[in-house]
Structure formats: structure tokens, C-alpha cells
Amino acid sequence: MGSGQLRGRSGGRPTLEEVAARAGVGRGTVSRVINGSPRVSEHTRAAVEEAVAELGYVPNTAARALAANRTDSIAVVVPEPESRFFSEPYFSDIIHGVGTALADTDMQLVLTFAGGDRERRSLAQYLAAHRVDGVLLVSVHADDPLPDLLQQLEIPAVISGRRSADEPLASVDSDNFAGARAAVNHLLGRGRRAIATITGRLDVYGAQRRLDGYRDALAEAGHRVDEALIAHGDFTEDGGRRAMTELLARRPGLDAVFAGSDVMAAGARQVLREAGRRIPDDVALVGFDDSAIARHMDPPLTSVRQPIAEMGRTMTDVLLAEIADTRPAPARRLTRRQIVLPTELVCRASS
């Protein structure tokens, strides 16, 4: 008799207990068979599978996922300390976008930090056990071993921001180069001539591209790039303070600052105020991200908007497509998507 013609005693979907009764085994044995446990004899496994087929029993989502070598979960991996994750709006915006993309799916989201060596080793073991179907990597540094590990394990992965121009993983990025150019051109258009920049960590490709955009805009306008007007930060508020202090010591006559993030711009603003510099009268200030920090700063901060939540949504859509792609890994690698989303300068009172 076909499996579609039988129903459980209740008249609804057959239960695990009914499968057990038909196969003449206990409920736990049925569960072990469904979950692929090796601790079941072939005779018993065959009896349970026959009962499942006859009754048309459908396991719950988790059991189905196990049977198909799927976990129905994806990991967001942040190779940063937790303190940075909770202090920077960039990360919460990315997670918001990821959550939006997963809202209509059965996928669960696992958030994990890998800021230290011990955490990375633990994460490597977790990933090697294939506990997730795919990984979203956020804020990755050039020397981070995680992307290469994911490639070796052939786990579908998407990275937020490429590590280099020839990134082998699928990636979603914002146009850091064009955003920085727009910021510097805006300051030049306001008549500023001694334009400094505070970079993010240059082992992050996006930070390098923002510095490239700064240099390119000045060169195109016929201005010599003064290396003393370039200070290196680390995307933190404290890093912005330290870099701004260096810049004022080296070039006290500077009249504009382009900071590689709003958080660093906030740190720079504190130092400028303590030094008696008025914003924007004495020094114009521009940030990058267009986060809530920019809108609530005094004066409100001109900033380059990158569509962070949209990056999170797009990363997730690309990852779900990779997970669903059943082609062998070498074929999948040939069609990896590299998506760059546009940025936009939002002008406010700080410039």
C-alpha cells in the first residue's frame, strides 16, 4: 500500500510512537535511526525505515536536516573582541540585515566571536564538525586564517569586505574607494586645503581602499599628498583620539579631517574641541558609515553612508544560494559572486 494512503491512529500526521509500534521497537530506537546513529543494527534500521515508509512519517525539521547532512543554521563569525562588536553600530546593522533576510526561512542564526587564538581554535573545531551549513564572515583582516579554513572544509561562505582585489570567497562590499573620493572632493569644494585623514587598520582591505580614495581625490585635484597628514587608527574611538593628537602635533594648521569611520571621527572631535578648534569653522570633519553616531554628534557629522543593513541582507541571500548549489566545490568556485554596493555622501553641519 502506498505511503500516502495510510495515516496514524489519530487521523493526523503519524507520530514517532506509531512508527515505533509498527516496527516493534522503542521510541528511542526510531529516533536514533532517523538521526543516522550507527548504534542500530541493520535489521532494526530496515524495520524502522519500512515503518516510516508505510506510515508516511515525516520527521521534524531538525531530524530532516540531520538526515540530509544539513543543520538548518548559519554562523555569523566576527574575528574581533566582543567589546568592539557591541561598541560599533556597523556590526548591529549587519546583523539586522542578516536577520531580515532569514525571517522567511527555517534557518537559525549562530553568532560567534573569534578575536583571540583560543577562540579561533575552538571555532575551527566547531566548523570542522560541520555544525553549520554556511558562514558569514564579518570584518576580516588580511592575515586571518579563517577564510582559507572554510575553503579547505568546502563550507559555503560569504565575506563582508574583500581581503584583496582577488578575493577567492564570495563577497559583499561597499564602494570604499568612491566613498572616500566623494568625502575628499566635498572638503576640497568647501575650500579646504590641508585635508588630513585617519585610516582604519590597513590590514582591512576596505580601510586600504578608503586611503586609496583619499590619495586619488587629492592627486586628481592637483594637490601633493602630504604623508604627515595621514594618521593610522584602528576603527575605535580611542584610536581616533590618538590619531588626531598626532595630526595636530605634526600639522597644527590642518583645516579638515576625513576619518575612516564615524567612531574614529567621534574621537577626533573630542581632541579638536580640547585643542580649541571649532567644527566646522576651524576644522571640517567627515566620517564614514553614516551611523547613529553621525546623526547625534554635535555638530551633526557629514558622513559617507554605506548600506550596511543591505550588505547583511545581500550576504545572506548569496550564502543561501551557495548552500542550495549542489555542484561540486570546484564548479562553485568558478561562479563566486563579488558584489560592490554604492556609497553616498550625507552632508551635515560638521563640514
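Keep in mind that what you see is a predicted model, and the values were worked out from it rather than measured. (Residues numbered from 1 in each chain as written. Predicted model: local features only at pLDDT ≥ 70, side-chain atom pairs only at ≥ 80, totals over all residues. Heavy atoms only, no water.)

## Considering the nonpolar core
Then comes step 1: Counting residues in each nonpolar core, the largest one holds 44 residues, and the members touching the most others are Tyr214, Met244, Leu254 and Phe258.
Then comes step 2: At the level of secondary structure, the elements contributing two or more residues to this core comprise helix 9 (176-189), strand 6 (195-199), helix 10 (205-220), strand 7 (230-232), helix 11 (237-250), strand 8 (256-259), helix 12 (262-274) and strand 9 (284-289).
Then comes step 3: The greatest single-element share of this core, amounting to six residues, is contributed by helix 12.
Then comes step 4: For Met244, the residues in contact, after removing those within four places along its chain, are Ile198, Leu254, Val257, Ala268, Val271 and Leu272.
Then comes step 5: Ranked by size, the runner-up nonpolar core spans 24 residues in total, among them Phe85, Val158, Ile339 and Leu341. (Core = buried A, V, L, I, M, F, W, Y, C linked by side-chain atoms within 4.5 Å. Buried < 20%, exposed > 50% of the residue type's maximum accessible area, 1.4 Å probe, protein only. Helix = DSSP H or I, 4+ residues; strand = E, 2+ residues; numbered from the N terminus. Contact = heavy atoms within 4.5 Å.)

## Quick word on the sheet that holds strand 3 (residues 134-138)
Then comes step 1: The strand order across the open sheet built from six strands is 2-1-3-4-5-11, with neighbouring strands paired in parallel fashion. Here the strands that pair on one side only, and so sit at the sheet edges, are strand 2 (108-113) and strand 11 (338-341). Ignoring which end each strand starts from, the neighbouring axes of this sheet average 20 degrees apart.
Then comes step 2: Summarising the sheet, strand 1 (residues 73-78) and strand 3 pair through four bridges and their orientation is parallel. The residue of strand 3 that forms the bridge with Val77 is Leu137. (Pairing = 2+ DSSP bridges. Axes fitted to C-alpha atoms, helices over the stretch in contact; angles between N-to-C directions.)

## Details of the environment of Ala207
Then comes step 1: Along the chain, Ala207 turns up in helix 10.
Then comes step 2: In the structure, Ala207 is positioned 86 residues away from Ile293 in sequence and 19 Å away in space, judged by C-alpha atoms.
Then comes step 3: Those residues in contact with Ala207 that sit more than four places away from it in its chain are Gly200, Arg201, Leu202 and Phe235.

## Regarding the sheet that holds strand 12 (residues 344-346)
Then comes step 1: In spatial order, the strands read 7-6-8-9-10-12; together these six strands make up an open sheet with mixed pairing. Each edge of the open sheet carries a strand with a single partner, namely strand 7 and strand 12. Direction aside, neighbouring strands of the sheet carry axes that sit 20 degrees apart on average.
Then comes step 2: Where strand 9 lies against strand 10 (residues 302-305), four bridges are found, and the strand directions are parallel.

## Looking at the pairing of strand 4 (residues 157-160)
Then comes step 1: Both faces of strand 4 are covered, namely the face carrying Ala157 and Ile159 and the face carrying Val158 and Ser160.
Then comes step 2: Where strand 3 and strand 4 come together, four bridges link them in parallel fashion. If you follow Val135 over to strand 4, its bridge partner there is Ala157.
Then comes step 3: Where strand 4 lies against strand 5 (residues 170-174), three bridges are found, and the strand directions are parallel. Pairing of Val158 across the sheet is with Ala170, part of strand 5.

## Concerning the confidence of the model for the protein chain
Then comes step 1: Chain-level pLDDT for the protein chain is 88 on average; 91% of the residues reach the 70-or-more range.
Then comes step 2: This stretch, residues 1-10, has a pLDDT under 50; its non-local contacts, to residues over four places away or in other chains, come to 13 contacts. (pLDDT = per-residue confidence, 0-100.)

## Some points on the pattern of salt bridges
Then comes step 1: In the structure shown here, the tally under the stated rule is 23 salt bridges.
Then comes step 2: Residue Asp238 pairs with Arg241 through a salt bridge whose shortest N-O separation is 3.3 Å. With a gap of three residues between them, Asp238 and Arg241 both fall in helix 11, about one helical turn apart.
Then comes step 3: Residue class for Asp238 comes out partly exposed when judged on its relative accessible area of 36%.
Then comes step 4: A single network of salt bridges, built from pairs that share partners, joins Asp234, Glu237, Asp238, Arg241 and Arg242. (Salt bridge = Lys/Arg side-chain N within 4 Å of Asp/Glu carboxyl O.)

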